[in-house]
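Residue-level structure breakdown
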Amino acid sequence: MDHSTAPSTGGAAHRGLRGQLHRLGPLVLLGVGVAALVGAAGLSLGELTEPGPGLWPFMVALLLTGTSLVLVVVDDPADYEPWTRSSARIAGGVVGLAVFILAFEAIGFLLPAFLMLLLWLRVFGGESRRWSLGLALAGSVGIYLLFDQLLGVPFPDDVVAGLVGA
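Residues numbered from 1 in each chain as written. Predicted model: local features only at pLDDT ≥ 70, side-chain atom pairs only at ≥ 80, totals over all residues. Heavy atoms only, no water.

**Let's talk about the side chain of Ser-140**
For Ser-140, the position within the fold is in helix H6 (residues 129–150). Residue Ser-140 is classed as buried on the basis of its relative accessible area of 1%. In this view, Ser-140 contacts Phe-109, Leu-110, Ala-113, Phe-114 and Leu-117; residues no more than four positions away in its chain are not counted. (Helix = DSSP H or I, 4+ residues; strand = E, 2+ residues; numbered from the N terminus. Buried < 20%, exposed > 50% of the residue type's maximum accessible area, 1.4 Å probe, protein only. Contact = heavy atoms within 4.5 Å.)

**Quick notes on the UniProt feature "transmembrane region" (unreviewed entry) in the protein**
Feature annotation in UniProt places "transmembrane region" (unreviewed entry) on residues 24–43, 55–74, 94–119 and 131–147, given in this structure's numbering. Within residues 24–43, the helical portion is 95% and the strand portion 0%, while the C-alpha atoms at the span's ends are 29 Å from each other. Here residues 131–147 is 100% helix and 0% strand, with 24 Å between the C-alpha atoms at its ends. (UniProt positions renumbered as here; feature names shortened; annotations may be inferred.)

**Looking at helix H4 (residues 87–107)**
Here H4 contains 21 residues, and its C-alpha end-to-end distance of 30 Å stays within 8% of the 30 Å for a straight helix at 1.5 Å per residue. Ser-87, Gly-93, Gly-96 and Phe-104 are the residues of H4 that are buried. Taken together, the buried residues of H4 touch helix H5 (110–124). Looking one or two places after H4, you find Gly-108, whose phi comes out positive at around 100°. (Expected span 1.5 Å × (residues − 1).)

**Examining the packing of helix H2 (residues 24–42) against helix H3 (residues 55–74)**
Two elements in contact, H2 and H3, have axes whose closest approach is 8 Å; the angle formed by their N-to-C orientations is 155°. Classified by the angle between their axes, H2 and H3 sit roughly antiparallel to one another. By crossing handedness, the relation of H2 to H3 is classed as left-handed. Here Pro-26, Leu-27, Leu-29, Leu-30, Val-32, Gly-33, Val-34, Ala-36, Leu-37, Ala-40 and Ala-41 of H2 lie close against H3, whose contacting residues are Pro-57, Phe-58, Ala-61, Leu-62, Leu-64, Thr-65, Ser-68, Leu-69, Leu-71 and Val-72. Residues belonging to the contact of H2 with H3 are distributed by class as follows: 18 nonpolar, three polar and no charged. (Axes fitted to C-alpha atoms, helices over the stretch in contact; angles between N-to-C directions. Parallel < 35°, antiparallel > 145°, perpendicular 65-115°, else oblique. Left-handed = near helix turned anticlockwise from the far one by under 90°. Nonpolar A, V, L, I, M, F, W, Y, C, P; charged D, E, K, R; others polar.)

Below, the structure written as structure tokens:
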């Protein structure tokens, strides 16, 4: 008996839900877009002859909202790569960025940037320990010197820079 042509009785609901997972990203972006629209409108859009501070953020949020709405409705699931165990690396990268942002606000730039670069070089880039340490150190110090010292971009007070007197 050929079982390949037998109708499947179980899992139809599971396949139906799983078949819609590709809409999750556009739905999240739609929520972000709507929240950004509300926030930008709260900044005052101004007039046509005198735009307010919320006009450009409102326009960008409108574009994001419209695009994500189109993706929710017409996006083809065949355009997406299947989720695998290695997809968790992407989630790890996003979590790492979130931790970097929180640490940057709390203790400054140098240590969080060093750790973030080290993580990305070792885990995602597969670099050796020696290269990772050297590049993370050079990258974090170089970016700090460029933006904070040379260009005068204000960073939060940095714990490490305070220890070395920078």
